[in-house]
Amino acid sequence: MIRCVLRPFLRLTLWLGLAGFLIGSLSAAGPTVDPLVALKISRAGAGVETPAFSLNQLDGSVVRSQDLAGKVLLLNFWATWCGPCKEEMPSLDRLRRQFDPREFVLLAVTADRQRDGIKAFLKHLGLDIPVLFDEGQEVSAAFMVRGLPTTVLIGKDGKTVGRAVGPRAWDSPEAVALVSSLVRQ
């Protein structure tokens, strides 16, 4: 009689032990972390076609959104008077340098009008970030920029992937992985 009662108990213990081993093995690989979540990037507006724009660059040339079709685009809205904006600029430049410009474009959009001040700022920090002027703030309004810095990430299909308000470490492994995954799509 004891043998009959122990047999089901032993089977249950064996199955539970095996299940625990399998679950432990799967979780040992670590959970998959969504890079948007890791970087605190909102999916607000994700999948929406991004507004067309045409803005002058620091060197006087014009950048048109339609010329960027098929590339991953990171638009960073900033200003020289914004401390957190200036702090994140070096990480944006380091991110930009890690990717082929035929696949990934980073543009810093500002409503500032002080071209000489921006040139001096970029030179002082050794940055080579393309700066676009949104003097009338039409593009900022179209992208619903409410605070600075605001960064909008756009996929190759021209649709918004996500947006971040506030500074980020754009050269972090999570940011590089996110951009890499978008470039590979």
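Owing to the predicted nature of the structure, the values given are computational and were not obtained by experimental measurement.

Peer 1: Can you lay out the overall build of the protein chain for me, pointing to particular residues and giving the numbers?
Peer 2: The helix and strand inventory of the protein chain stands at six helices and seven strands. Taken across its 185 residues, the protein chain has 40% of its residues classed as buried. Here the analysis covers contacts within the protein chain between residues at least 6 apart in sequence; of these, 69% occur between residues at least 24 apart. As presented, the protein chain carries roughly 10800 Å² of accessible surface, and 60% of it is formed by carbon and sulfur atoms.

Peer 1: Explain the sheet that holds strand β5 (residues 131-133) residue by residue, including any values.
Peer 2: In sheet architecture, strand pairing relies on hydrogen bonds along the backbone and comes in two forms, parallel and antiparallel. Pairing is mixed in the open sheet, where seven strands are placed in the order β2-β1-β5-β4-β3-β6-β7. Where the open sheet ends on each side, the last strands, each with one partner, are β2 (62-64) and β7 (160-165). Geometrically, the sheet is characterised by an average inter-axis angle of 30° between neighbouring strands, direction not taken into account. Sheet topology note: the strand β1 (residues 54-57)/β5 ladder contains two bridges and is antiparallel. Directly across from N56, in β5, lies its bridge partner F133.

Peer 1: Outline helix α4 (residues 115-125), listing residues and values.
Peer 2: Here α4 has its buried residues at I118, F121 and L122. One side of α4 holds all its buried residues, which, seen down the axis, span an arc of 95°. In α4, those exposed residues whose orientation departs by more than 90 degrees from the buried face are D116, K123 and H124. Against β3 (72-78), α3 (83-97), β4 (104-110) and β5 lie the buried residues of α4. Looking one or two residues beyond α4, the residue adopting positive phi is G126, at roughly 70°.

Peer 1: Outline the pattern of salt bridges, listing residues and values.
Peer 2: Two side chains bearing opposite charge may form a pair once their charged atoms approach each other closely. For the coordinates displayed, the defined rule picks out six salt bridges. With a closest N to O distance of 2.8 Å, R96 and D93 form a salt bridge. One end of the pair is R96 and the other is D93, both in helix α3 and three residues apart, which spans about a single turn. Classification of R96 by relative accessible area gives buried; the value is 18%. For D93, a relative accessible area of 3% corresponds to the buried category. For the salt bridge of D93 with R97, the shortest nitrogen-to-oxygen distance reads 2.9 Å. Highlighted residues: D93 and R97, both in helix α3, separated by four residues, approximately one helical turn. Salt bridges here are not isolated pairs; linked through shared partners, they connect D93, R96 and R97.

Peer 1: How would you explain the nonpolar core if you had to name every residue and give the values?
Peer 2: Judged by nonpolar contacts, the single largest core of 34 residues is most densely connected at L74, W78, M89, L95, F104, V131 and W170. Elements with a minimum of two residues in this core: β3, α3, β4, α4, β5, β7 and α6 (173-184). The leading source of residues in this core is α6, at six residues. What L74 contacts, discounting residues up to four positions off in sequence, is L92, L95, F104, V105, L106, L107, T151, V152, L153 and W170. L55, L73, V145 and I154 belong to the second-largest nonpolar core, a separate cluster that totals 16 residues.

Definitions and cut-offs
Each residue is numbered by its place in its chain's sequence as written, counting from 1. Note on the predicted model: pLDDT of at least 70 is required for a residue's local features to be given, and 80 or more for side-chain atom pairs to be given and counted; whole-chain, interface and lining totals, by contrast, use all residues. With hydrogens and water set aside, each side-chain value is computed from the structure's full complement of heavy atoms. To qualify as a helix, a DSSP run of H or I must reach at least 4 residues; to qualify as a strand, a run of E must reach at least 2; elements of each kind are numbered from the N terminus. Relative accessibility thresholds used throughout: buried, under 20% of the residue-type maximum; exposed, over 50%; partly exposed, between the two (1.4 Å probe, protein chains only). Pairs of residues are marked as contacts when any of their non-hydrogen atoms sit within 4.5 Å. Accessible surface is estimated by sampling points in the Shrake-Rupley manner with a 1.4 Å probe; for residues, cover comes only from the protein chains shown. Pairing between strands is defined by DSSP: at least two bridges between them are needed. Axis angles are defined between N-to-C directions and span 0 to 180 degrees, where every axis is a line fitted to C-alpha atoms and, for a helix, only to the segment in contact. Here the arc refers to the directions that run from the helix axis out to each C-beta atom. For this document, the term salt bridge refers to a Lys or Arg side-chain nitrogen within 4 Å of an Asp or Glu carboxyl oxygen. The criterion is simple. A nonpolar core is a set of buried Ala, Val, Leu, Ile, Met, Phe, Trp, Tyr and Cys residues joined through side-chain atoms within 4.5 Å.

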